[in-house]
Amino acid sequence: MERQDAVDAPGRLVAFRDRIDGAKAKVREMVLRAPTPRYLYGASTRGATLFQYFDFPPDTFAGAAERDHLKIGRYYLDTDIPIVTETQARRDAKTFLVL
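Residues numbered from 1 in each chain as written. Predicted model: local features only at pLDDT ≥ 70, side-chain atom pairs only at ≥ 80, totals over all residues. Heavy atoms only, no water.

### Notes on the packing of aromatic side chains
If you walk through the whole model with that rule in mind, you get eight aromatic pairs. Aromatic pair Phe-51 and Phe-56: ring centres 6.0 Å apart, planes at 45°, arrangement tilted. Judged by relative accessible area, Phe-51 falls into the buried class, the value being 8%. In this structure Phe-56 comes out as buried when scored by relative accessible area, which is 7%. (Phe/Tyr/Trp six-rings, centres within 6.5 Å; stacked < 30°, edge-to-face > 60°. Buried < 20%, exposed > 50% of the residue type's maximum accessible area, 1.4 Å probe, protein only.)

### Structural notes on the side chain of Glu-66
By secondary structure assignment, the location of Glu-66 is in strand β2 (residues 63-66). One buried charged side chain, Glu-66, makes no salt bridge at all; its nearest oppositely charged neighbour is Lys-71, positioned 4.0 Å away. Once residues lying within four places of it in the same chain are set aside, the contact partners of Glu-66 are Gly-42, Ala-43, Lys-71, Ile-72, Ile-83, Val-84, Thr-85 and Glu-86. (Helix = DSSP H or I, 4+ residues; strand = E, 2+ residues; numbered from the N terminus. Lys, Arg positive; Asp, Glu negative; His and termini not counted. Salt bridge = Lys/Arg side-chain N within 4 Å of Asp/Glu carboxyl O. Contact = heavy atoms within 4.5 Å.)

### Here's the deal with the sheet that holds β2
The four strands are arranged β3-β2-β1-β4 in an open sheet whose pairing can be described as parallel. At either end of the open sheet lies a strand with only one pairing partner, and these are β3 (83-85) and β4 (95-98). This sheet shows a mean twist of 40° between the axes of neighbouring strands, independent of strand direction. Strand direction decides the pairing type here: strand β1 (residues 38-41) and β4, joined by four bridges, are parallel. Its bridge partner lying in β4, Tyr-41 is registered against Val-98. (Pairing = 2+ DSSP bridges. Axes fitted to C-alpha atoms, helices over the stretch in contact; angles between N-to-C directions.)

### Let's talk about the confidence of the model for the protein chain
Considering every residue of the protein chain, the mean pLDDT works out to 89; 92% of them sit at 70 or more. Across the protein chain, element-level confidence peaks in helix α3 (residues 86-92) with a mean pLDDT of 96 and bottoms out in helix α2 (residues 45-54) with 86. (pLDDT = per-residue confidence, 0-100.)

### Side note on the nonpolar core
The nonpolar side chains of a soluble globular protein tend to be buried, and buried together. The biggest cluster of nonpolar side chains holds 14 residues, and the ones touching the most others in it are Leu-40, Phe-51, Phe-56, Phe-61, Tyr-76, Ile-81 and Leu-97. Setting aside anything within four residues of it in sequence, one finds Tyr-76 in contact with Leu-40, Gly-42, Ala-43, Ser-44, Gly-47, Ala-48, Phe-51, Ala-64, Ile-81, Ile-83 and Leu-99. Within the second largest apolar cluster, five residues are counted, among which are Ala-65, Val-84, Ala-89 and Ala-93. (Core = buried A, V, L, I, M, F, W, Y, C linked by side-chain atoms within 4.5 Å.)

Right under this line is the structure:
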């Protein structure tokens, strides 16, 4: 006997997608309303994936704070967002988004 509430039931997947889309919209709105300058915290691959998913406008963030000295002076993803030291970001940022 099959269960009516199977995880792969189309209605459940649509409801899940709708909840994810709703959460995305709330995070985007919260970030875009936050005081500037805004900085990302961390320049990781996982963070890059989330950054791409949220599809922020190019001027949303002034920089990305990073501990790894090998990343300092480079740019986040394929953007013009500079990767800076944590010290600089803490000094300049009014808002951080931790990815």
